[in-house]
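# An overview of the molecular structure
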Amino acid sequence: MKLIFKSLGTVPLRRFLSTVPKPLNPVQEAALEERCILVDQHDQECGFASKRDCHRLVDGKLPLHRAFSVFLFNTKDELLLQQRSSTKITFPDHYTNSCCSHPLYEIEHERKDLEGAKAAACRRLVFELGIPSSQCQPEDLQYITRIRYMSEGDGTWGEHEIDYIFILHKDVALDPNPDEVSTALYIPKSKMNNFLKNLRHPITPWFNLIAQNELTNWWDNLRSLEKVMNHKKIISY
């Protein structure tokens, strides 16, 4: 797939396919063997399972596992959104926040709760968006809160996560990975509602929840994030 990186107003829109293409993309299929960190409802580590087992519904159930979501704002206070590649196994073609993935059990330092989630976020910012590692160090990430949610997705692949939320507020260089990202664009706050309302593609369930309940407050306080930090409570939806 050809990578598209455009500004608002020239966003490519393609018909959404609700089913995952067959056969599975080999890059994405290989990633299913990576191991996520299983947690209990209090975010205490309790084992591991492959990404495949964490995301494939069995009798409507999914293991609870640890994840992270990064909201990248430039110095104009515009939020970077991405459209997930059509080859993604979970939520292909969906629009979502800047970067989302999981700390991995097999990477020992990524099992260290908050610091592990920050390390994983930096790893994925480099991998998904091509941001130079020098521009996304753990200390650049502001931890905001944790969110627990579950989505049955397309009925085959879904999510059940405790999601660490980070804000990265700086200008960075971008070179998105076409295996992960088909479109990347910055959106100003004044245009976000209309942008989401007029999309021909869906948005991911976690971003939908955050956009409806949390995002405006975070955006309003980008220069005083201590006002919106909630490090103790896990927000459940």
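Residues numbered from 1 in each chain as written. Predicted model: local features only at pLDDT ≥ 70, side-chain atom pairs only at ≥ 80, totals over all residues. Heavy atoms only, no water.

### Describing the overall build of the protein chain
Looking only at helices and strands, the protein chain features 6 helices and 11 strands. Overall size of the protein chain, expressed as C-alpha extent along the three principal axes, is 40 × 40 × 35 Å. Considering the protein chain as a whole, with its 237 residues, one finds that 51% of them fall into the buried category. Across the protein chain, contacts joining residues at least 24 apart in sequence account for 72% of those joining residues at least 6 apart. A total of about 11,100 Å² of accessible surface is found on the protein chain, and carbon and sulfur atoms cover 48% of it. Of the charged side chains in the protein chain, 30 are positive and 31 negative; the average position of the first set lies 5 Å away from that of the second. (Helix = DSSP H or I, 4+ residues; strand = E, 2+ residues; numbered from the N terminus. Buried < 20%, exposed > 50% of the residue type's maximum accessible area, 1.4 Å probe, protein only. Contact = heavy atoms within 4.5 Å. Areas by Shrake-Rupley, 256 points an atom, 1.4 Å probe, with all protein chains shown as cover. Lys, Arg positive; Asp, Glu negative; His and termini not counted. Charge placed at Lys NZ, Arg CZ, Asp CG, Glu CD.)

### Details of the packing of aromatic side chains
Enumeration according to the criterion identifies 9 aromatic pairs in this entry. Residue placement shows Arg56 over the ring face of Trp157; its charged tip is 4.9 Å from the ring centre. (Phe/Tyr/Trp six-rings, centres within 6.5 Å; stacked < 30°, edge-to-face > 60°. Lys NZ or Arg CZ within 6 Å of the ring centre and 35° of its normal.)

### Considerations on the pattern of salt bridges
Applying the stated rule across the entire model yields 14 salt bridges. Of the charged contacts, one joins Glu34 and Lys51 as a salt bridge, the two residues approaching to 2.6 Å between their closest N and O atoms. Of the two residues, Glu34 sits in the loop between helix H1 (26-31) and strand E2 (35-39) while Lys51 sits in helix H2 (residues 51-55), which places them 17 residues apart along the sequence. Residue classification places Glu34 among the partly exposed residues on the basis of a relative accessible area of 22%. (Salt bridge = Lys/Arg side-chain N within 4 Å of Asp/Glu carboxyl O.)

### Observations concerning the UniProt feature "domain: Nudix hydrolase" (unreviewed entry) in the protein chain
According to UniProt, the positions carrying the feature "domain: Nudix hydrolase" (unreviewed entry) are residues 63-209. In residues 63-209, helix accounts for 21% and strand for 33%; the two terminal C-alpha atoms are 20 Å from one another. (UniProt positions renumbered as here; feature names shortened; annotations may be inferred.)

### Let's talk about the pairing of strand E10 (residues 181-187)
Buried residues dominate E10, accounting for 7 of its 7 residues. The pairing of strand E5 (residues 79-84) with E10 spans 6 bridges and is antiparallel. Paired with Arg84 across the strands is Val181, a residue of E10. (Pairing = 2+ DSSP bridges.)

### Comments concerning the confidence of the model for the protein chain
Caution applies to low-pLDDT regions: their predicted coordinates should not be interpreted in detail. Per-residue confidence for the protein chain gives a mean pLDDT of 90, with 90% of residues at or over 70. Contacts for the low-pLDDT stretch residues 1-21, under 50 throughout, to residues beyond four places or in other chains number 53 contacts. (pLDDT = per-residue confidence, 0-100.)

### So, unusual backbone geometry
The backbone of Asp43 shows a phi angle near 70 degrees, a positive value even though the residue is not glycine. Mapped onto the elements, Asp43 comes out in the loop between E2 and strand E3 (45-50). Judged by relative accessible area, Asp43 falls into the buried class, the value being 3%. A positive phi angle, close to 70 degrees, is found at Asp93, a residue other than glycine.

### Describing the nonpolar core
Formed by 27 residues in total, the largest nonpolar core has its most connected members in Phe71, Phe73, Leu79, Ile167, Leu215 and Trp218. Listing elements by their share of this core, those giving two or more residues are strand E4 (65-73), E5, strand E8 (142-151), strand E9 (159-169), E10, helix H4 (189-197), helix H5 (205-213) and helix H6 (215-220). Excluding its chain neighbours within four sequence positions, the residues that come into contact with Trp218 are Phe71, Ile144, Thr145, Ile147, Ile165, Ile167, Ile210, Leu225 and Val228. In terms of nonpolar packing, the next biggest core, distinct from the first, is built from 22 residues, Ala120, Tyr143, Val181 and Tyr186 among them. (Core = buried A, V, L, I, M, F, W, Y, C linked by side-chain atoms within 4.5 Å.)

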